[in-house]
Amino acid sequence: MTSFCTRDLPDPDSWFKDIFYRALYHTVAAHPSLCYGILDETPEREAVFLRLQAIHRDDVAELYDQDPEDPAASDVDSAITSLLESSHARMLLDGHRKPPWRAVVFKHGSRWDSGISPKIQKVSIAFLANHAIADGMSHVNFHRTLLHFFNDQEAKDCVWPYDVPRDIRCPVLLEDAVDLRSRDENDKSEVNYGSTSVWSGANMFLPSVEEYASGLRFITIPQNEIGKAVKFSRSRNITLTGLIHGLIVTFLARYVPAGHDFLAVTPYSMRHMSKVSEDEICNHASALVHEFSVPLVSEIRASQEKSLEELDKIIEVGHIFSKDMAAELARSPKNNACKHNLVLGHPNISKR
């Protein structure tokens with residue numbers, strides 16, 4: 001979320017949109033990965049990146065607002081959740097002809113172009129991207145670049161669409177930077193590389209947008225509580241991420257019928273291995289699957305809410321997360337990073 005002062009601005013909405021669209025144009029120009037679409041895998045061909053000829057503004061920018069007279073609109077989290085769900089669904093179906101990412105702007109407290117703006121206008125800006133395009137750090141990099149050009153008064157004006165240069169380089173692929181099949185000389189563990197890919201999951205391409213359902217939920221830790229949560233986690237020898245896993249598993253245990261275990265898929269960065277530039281937008285991440293068994297979930301379900309017994313189980317889940325992640329990182333290749341020059345094959349197409 002960001003805020004800007006509307007004082008002395010005759011038309012705050014036009015002012016914001018002009019600067020936002022300009023900043024977005026320069027952000028696209030700064031990151032080659034944003035200029036590629038995705039052709040999905042077929043029986044004859046693996047999934048590939050495809051250089052798009054042009055990036056059209058309305059394909060990558062979406063503006064939403066809040067009706068101050070609608071009682072339901074007061075729930076900002078629900079409103080943002082709804083727009084993220086719809087944006088994700090459309091993005092899944094257009095990857096072969098449009099960029100598989102969106103910059104979504106939500107205006108708080110009023111409608112766009114209504115002529116009514118508070119003294120301080122708040123907007124939330126979300127970057128939605130197919131995981132093949134961007135990992136977690138890439139989302140940070142997108143916002144960092146966007147805000148840089150938003151605040152750069154010397155940034156040149158631009159005219160959409162952005163014409164993609166024919167010689168623009170392909171996205172930097174993790175498998176071209178690191179030999180993921182190579183074993184660390186000290187790694188004695190066994191990994192089943194032929195197992196089903198949990199990362200990609202089941203078929204995501206359903207017949208229509210209407211058949212998609214999202215499980216997106218916001219979990220917010222207030223700023224003044226973060227320090228307490230970190231301090232508590234350290235006192236129990238778990239991480240904050242482990243604590244969050246414990247809270248989520250506990251929530252699910254109480255709201256999902258008995259007899260279920262849970263699998264948590266937790267992404268983690270691989271940039272320390274690939275040595276890719278810190279400001280690069282790319283997908284240099286892996287994911288670890290944690291299994292929380294039926295007996296553990298049943299014990300959580302049987303415990304009294306907000307009891308010491310429940311707290312012990314939350315901490316136990318945190319320890320499971322830490323143990324699994326430590327073992328995963330120990331298995332990661334450490335001595336086989338490749339030297340790459342960021343020019344990876346044909347500029348128009350590349351394996352995904």
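Residues numbered from 1 in each chain as written. Predicted model: local features only at pLDDT ≥ 70, side-chain atom pairs only at ≥ 80, totals over all residues. Heavy atoms only, no water.

What to know about the pattern of salt bridges
Stage number 1. Under the defined criterion, the tally for this structure stands at 13 salt bridges.
Stage number 2. Close ionic contact of Glu 225 with Lys 228 constitutes a salt bridge, the shortest N to O distance being 3.7 Å. Of this pair, Glu 225 and Lys 228 both sit in helix H6 (residues 223-235), three residues apart, which is roughly one turn of the helix.
Stage number 3. Residues Arg 254 and Glu 310 are paired through a salt bridge, measuring 2.9 Å at the closest nitrogen-oxygen approach. Taken together, the residues span a long stretch of sequence, with Arg 254 in helix H7 (residues 240-255) and Glu 310 in helix H10 (residues 308-331) at a distance of 56 residues.
Stage number 4. Look at Glu 310 and you get buried, because its relative accessible area is 10%.
Stage number 5. Each of Glu 299, Lys 313 and Glu 316 takes part in a single network of salt bridges with overlapping partners. (Salt bridge = Lys/Arg side-chain N within 4 Å of Asp/Glu carboxyl O. Helix = DSSP H or I, 4+ residues; strand = E, 2+ residues; numbered from the N terminus. Buried < 20%, exposed > 50% of the residue type's maximum accessible area, 1.4 Å probe, protein only.)

Some thoughts on the packing of aromatic side chains
Stage number 1. Applying the stated criterion across every chain yields a total of 14 aromatic pairs.
Stage number 2. Seen from their ring centres, Phe 4 and Trp 15 are 5.3 Å apart, and the 45° between their planes marks the pair as tilted. Of the two residues, Phe 4 is situated in strand S1 (residues 2-5) and Trp 15 in helix H1 (residues 12-30); the sequence distance between them amounts to 11 residues.
Stage number 3. Judged by its relative accessible area of 10%, Phe 4 falls in the buried class.
Stage number 4. Relative to Tyr 162, the ring of Tyr 25 lies with its centre 5.3 Å away and its plane at 85°, an arrangement referred to as edge-to-face. Of this pair, Tyr 25 sits in helix H1 while Tyr 162 sits in strand S8 (residues 162-163), placing them 137 residues apart in sequence. Of the two residues, Tyr 25 and Tyr 162, neither departs from the other in class, the shared state being buried.
Stage number 5. Its guanidinium or amino end placed over the ring of Tyr 21, Arg 57 lies 4.0 Å from that ring's centre, counting from NZ or CZ. (Phe/Tyr/Trp six-rings, centres within 6.5 Å; stacked < 30°, edge-to-face > 60°. Lys NZ or Arg CZ within 6 Å of the ring centre and 35° of its normal.)

A few points about the confidence of the model for the chain
Stage number 1. Of the residues in the chain, 83% have a pLDDT of 70 or more, and the chain-wide mean is 83.
Stage number 2. When the elements of the chain are averaged for pLDDT, strand S11 (residues 349-351) gives the smallest value, 42, and S8 the largest, 98.
Stage number 3. Across residues 195-202, where pLDDT falls below 50, the model places seven contacts with residues more than four positions away in sequence or in other chains.
Stage number 4. Note that residues 339-352 has pLDDT below 50 and, in this model, 47 contacts with residues that lie over four places away or in other chains. (pLDDT = per-residue confidence, 0-100. Contact = heavy atoms within 4.5 Å.)

As for the side chain of Asp 135
Stage number 1. Along the chain, Asp 135 falls in the loop between strand S7 (120-129) and helix H4 (136-150).
Stage number 2. Residue class for Asp 135 comes out buried when judged on its relative accessible area of 6%.
Stage number 3. Looking at Asp 135, its side chain comes within polar contact range of the side chain of Ser 138, at 2.7 Å.
Stage number 4. A polar side-chain atom of Asp 135 sits 3.0 Å from a polar atom in the side chain of Arg 271. (Polar contact = N/O pair within 3.5 Å; in protein donor to acceptor, adjacent residues only side chain to side chain.)

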